[in-house]
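If you want the building blocks of each chain, they are given just below.
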Amino acid sequence: MASRAPVASGRFLLGVRKWYYNMCGFNKLGLMRDDTLYEDTDVKEAVRRLPENLFNDRMFRIKRAMDLSMKQQILPKDQWTKFDEDVAYLTPYLQEVIRERKEKEEWTKK
């Protein structure tokens with residue numbers, strides 16, 4: 001019995017994550033999670049470092065979401081971003097930018 005608890009709680013947490021993802025609403029506009037990050041200096045630098053195709057895809061999703069928002073509409077359900085399709089495309093670049101900034105701060109301390 002004790003060995004089943006972590007599996008059951010893992011499936012439960014996955015269900016909660018999927019429910020919360022759908023309740024946030026950005027997926028109904030075709031956005032991904034990384035599209036909704038607050039653009040501070042680190043995020044701006046990470047976006048600048050994106051390959052051209054990822055940058056263009058991001059801009060398309062954001063412009064489409066702004067257009068839908070102004071029209072007070074959402075995408076048809078078959079075009080919503082699904083939980084399984086939402087990849088963290090910006091996260092590796094953002095982690096690298098943060099690591100470089102912290103390293104730079106360490107060097108300026110010395």
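Fair warning: this is a prediction, and the values are worked out from it, not measured in the lab. (Residues numbered from 1 in each chain as written. Predicted model: local features only at pLDDT ≥ 70, side-chain atom pairs only at ≥ 80, totals over all residues. Heavy atoms only, no water.)

S.K.: Help me get a handle on unusual backbone geometry, residues and values and all.
M.R.: With the exception of glycine, the majority of residues adopt a negative phi angle, and the majority of peptide bonds are in the trans configuration. Even without being glycine, Gln72 reaches a positive phi, approximately 55°. With respect to the element layout, Gln72 can be found in the loop between α3 (52-70) and α4 (91-109). (Helix = DSSP H or I, 4+ residues; strand = E, 2+ residues; numbered from the N terminus.)

S.K.: How would you sum up the side chain of Asp34? Please name residues and give values.
M.R.: One can find Asp34 in the loop between α1 (4-24) and α2 (41-49). The exposure class assigned to Asp34 is buried, which follows from its relative accessible area of 1%. Side-chain polar atoms of Asp34 contact the backbone nitrogen of Leu90, separated by 2.8 Å. Among the polar contacts made by the side chain of Asp34, one reaches the main-chain amide nitrogen of Thr91 at a distance of 3.3 Å. When residues no more than four places from it in sequence are discounted, the contact partners of Asp34 are Arg58, Val87, Ala88, Tyr89, Leu90 and Thr91. (Buried < 20%, exposed > 50% of the residue type's maximum accessible area, 1.4 Å probe, protein only. Polar contact = N/O pair within 3.5 Å; in protein donor to acceptor, adjacent residues only side chain to side chain. Contact = heavy atoms within 4.5 Å.)

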